[in-house]
Amino acid sequence: MHISDFLKGSPDGIDVKGPGVLCSFEICGITINLTETVVISWGIILAVTLLLLWLTHDLKTNHISKRQVAAEWIVTTVYGLVEDAMGKRWRWFAPYIGALFTFSITGSLVSMIGLRSVTADFNAPLAWALITFVLIHGTNIRTNGIGGYLKGYVDPVPVMLPINILSEASTPVSMSLRHFGNVVSGMVITSLLYFALSVVTKSIGVAFLTIGIPAVLSLYFDLFSGFMQAFVFIMLTMAYISNADGRNEA
Amino acid sequence: MNLDFLTIDVGTILFTLINTLLIFLAFKFILFKRVDAILAKRAQEVSNTYSAADSALADANADKEKYAEAMAGAKDEAAQIVSRAEKKAQREGDAILESARREAMATREKASIETEREKAQARTELQEEIGDLAVELAQKIMEREISKEDHARLIDEFLTDVREDNKA
């Protein structure tokens, strides 16, 4: 092996692929793909549901277990976040925020057990961003009425209409692309690094570089980035919806 | 087969929406519902405990007041008992003193009566003795011849003696 091999790339090459399709079928002329992302999501749902059942079984009012402390901490923390960001009236929104955060962070972290991140598929954050989009506009219409909502697009002057539409449309795009981009770039960088390290390993004949270094980087790209993106996503969701709910403006 | 790296896939979006709904339902009806219920129950219990503690405190204060009242009553009663006992003792002491005085008086009177009686007796005895002496004296005088003047003088002397004796 020579250094030129490194420059040429490995015989396998680097290939960052989209999610695998397990099967696909057609309904009303639309092709529905059952992808890796969806199946892994099912696994996540199952695991999260089991975890929640375990956390919340046999709750007591006093002499509580550590398990219950954890469950109560999660609930009160999410309530606190939602109340801080959106006000007390939006308390009911907390379960969705908790669910979204959990789905996002576990979707990113499955890469640590060798699965493809759910959030490295653009469609997952896009679906969440669409939910947020619908909630933003639903809240806006509920607060201002359909007239007030439509009038918002020509504020402050009618010339602003295209810019306002663009601005509204860009919200879900930017949210989903930010999340997807961060996770997927981590995935790509990890693949590149792993590839580079294995080439170096091959050329010097010692297999220690591939152990350790990727783990440290994975700590950043998977754990930190996964947490940050999940957090950013829920904070933005709450901020946008709260903003659409004009009553919160103090 | 893989999808392209960046594709918009309607199927995946639909499935993700359903999955998100499922995980939301799990959060809402498992975690939040149960924890909310237990938190509400605990808040209820805490407020019950507080009200129980408040009523217990009120009871304790009432008991304390009652006790203080009882203590004050007991103190008064004790003072009364003591003063009653003091008065009684005073009375009894006075009675004892009085009776002692009376007794002493009686004793003294009795003694003086006795003295009077003894004096009288002594006088009687003396008079008897005087009589005897007079007789004796008369006999002695009889033995000798005495003039009328001697007689009178003797009797005077005698009476003077007797008076002096009596005085003494």
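Residues numbered from 1 in each chain as written. Chains lettered and ligands numbered in written order. Predicted model: local features only at pLDDT ≥ 70, side-chain atom pairs only at ≥ 80, totals over all residues.

1. A look at the overall build of chain B
Looking only at helices and strands, chain B has two helices and zero strands in total. Out of the 168 residues belonging to chain B, those deemed buried represent 9%. (Helix = DSSP H or I, 4+ residues; strand = E, 2+ residues; numbered from the N terminus. Buried ≥ 20, exposed ≤ 12 C-beta atoms within 10 Å, placed from the backbone.)

2. Points about the overall build of chain A
Scanning chain A from terminus to terminus reveals seven helices and two strands. Across chain A, helices and strands are ordered from the amino to the carboxyl terminus as α-β-β-α-α-α-α-α-α. Put simply, of all contacts in chain A between residues at least 6 apart along the chain, 65% involve residues at least 24 apart. (Contact = placed C-beta atoms within 7 Å.)

3. Some thoughts on the interface of chain B and chain A
For an interface, size is often stated in terms of accessible area lost upon the parts coming together. Counting residues at the interface gives 34 residues for chain B, matched by 42 residues for chain A. Along the lines of polarity and charge, the residues of the side of chain B that touches chain A split into 20 nonpolar, seven polar and seven charged. (Nonpolar A, V, L, I, M, F, W, Y, C, P; charged D, E, K, R; others polar.)

4. Some details on the pairing of strand 1 (residues 21–27) of chain A
All names here are of chain A. Within strand 1, only zero of the seven residues are buried, which leaves it mostly out in the open. Summarising the sheet, strand 1 and strand 2 (residues 30–35) pair through six bridges and their orientation is antiparallel. Bridging from a neighbouring strand, Val21 pairs with Thr35 of strand 2. (Pairing = 2+ DSSP bridges.)

5. Focus on unusual backbone geometry
Residues and elements named next belong to chain A. You will see that Asp58, though not glycine, has its phi angle at about 60°, which is positive. Along the chain, Asp58 turns up in the loop between helix 2 (36–56) and helix 3 (66–86). A positive phi is found at His63, a non-glycine position, where the angle reads about 55°. With respect to the helices and strands, the residue His63 is situated in the loop between helix 2 and helix 3.

6. Here's the deal with the nonpolar core
Of all hydrophobic cores here, the largest spans 51 residues; its most connected members are A:Val75, A:Val82, A:Ile97, A:Leu100 and B:Leu31. Element by element, the count of residues in this core is highest for helix 4 (residues 94–109) of chain A, at eight residues. If sequence neighbours within four positions are ignored, A:Val82 has contacts with A:Trp90, A:Arg91, A:Phe93, A:Ala94, A:Ile97 and A:Met238. (Core = buried A, V, L, I, M, F, W, Y, C linked by C-beta atoms within 7 Å.)

7. Topic: helix 2 (residues 148–167) of chain B
In a regular helix each residue adds 1.5 Å, so 20 residues correspond to 28 Å; helix 2 of chain B covers 28 Å between its end C-alpha atoms and thus fits that length. Across the 20 residues of helix 2 of chain B, zero count as buried, placing the element largely on the outside. (Expected span 1.5 Å × (residues − 1).)

8. Some details on helix 2 of chain A
Between its first and last C-alpha atoms helix 2 of chain A spans 30 Å; for 21 residues at 1.5 Å apiece the expected length is 30 Å, and the two agree. Within the span of helix 2 of chain A, buried status applies to A:Glu36, A:Thr37, A:Val38, A:Ile40, A:Ser41, A:Ile44, A:Ile45, A:Val48, A:Leu52, A:Leu55 and A:Thr56. Buried residues of helix 2 of chain A fall within an arc of 165° about the axis and therefore sit on the same side. Facing away from the buried side of helix 2 of chain A by over 90 degrees, the exposed positions are A:Leu46, A:Ala47, A:Leu50 and A:Trp54. Tucked into the core, helix 2 of chain A has its buried residues touching strand 1, strand 2, helix 3, helix 4 and helix 5 (123–151) of chain A together with helix 1 (10–143) of chain B. (Arc of directions from axis to C-beta.)

9. Re the packing of helix 4 of chain A against helix 7 (residues 213–244) of chain A
Residue and element names in this part refer to chain A. Following both chains from N to C, one finds helix 4 and helix 7 inclined at 155°, their axes separated by 9 Å at the closest point. In terms of orientation, helix 4 and helix 7 fall into the roughly antiparallel class. Like other packed secondary-structure pairs, helix 4 and helix 7 cross with a definite hand, here right-handed. Seen from helix 4, the contacting residues are Ile97, Leu100, Phe101, Ser104, Ile105, Ser108 and Leu109; seen from helix 7, they are Asp222, Gly226, Phe227, Gln229, Ala230, Phe233, Ile234, Thr237 and Met238. Grouping the amino acids of the contact of helix 4 with helix 7 by side-chain chemistry returns ten nonpolar, five polar and one charged. (Axes fitted to C-alpha atoms, helices over the stretch in contact; angles between N-to-C directions. Parallel < 35°, antiparallel > 145°, perpendicular 65-115°, else oblique. Left-handed = near helix turned anticlockwise from the far one by under 90°.)

10. Describing the packing of helix 3 of chain A against helix 1 of chain B
Working note: a packed helix pair is described by the angle between its axes plus the distance between those axes. For the pair helix 3 of chain A and helix 1 of chain B, interaxial distance at closest approach is 10 Å and the crossing angle is 100°. What the angle tells us is that helix 3 of chain A and helix 1 of chain B run roughly perpendicular. Between helix 3 of chain A and helix 1 of chain B, the residues in contact are A:Ala71, A:Glu72, A:Ile74 and A:Val75 and B:Leu31, B:Phe32, B:Val35 and B:Leu39, respectively.

11. A word on the confidence of the model for chain B
Taken over all residues, the pLDDT of chain B has a mean of 89, while the share at 70 or more is 97%. Predicted complex, confidence summary: ipTM 0.85, pTM 0.70. (pLDDT = per-residue confidence, 0-100.)

12. A word on the environment of A:Pro214
Residues and elements named next belong to chain A. Its location among the elements puts Pro214 in helix 7. Residues Pro214 and Leu193, 21 residues apart in the sequence, show an inter-C-alpha distance of 7.3 Å. Apart from residues no more than four positions distant in its own chain, Pro214 is found in contact with Thr190, Leu193, Tyr194 and Leu197.

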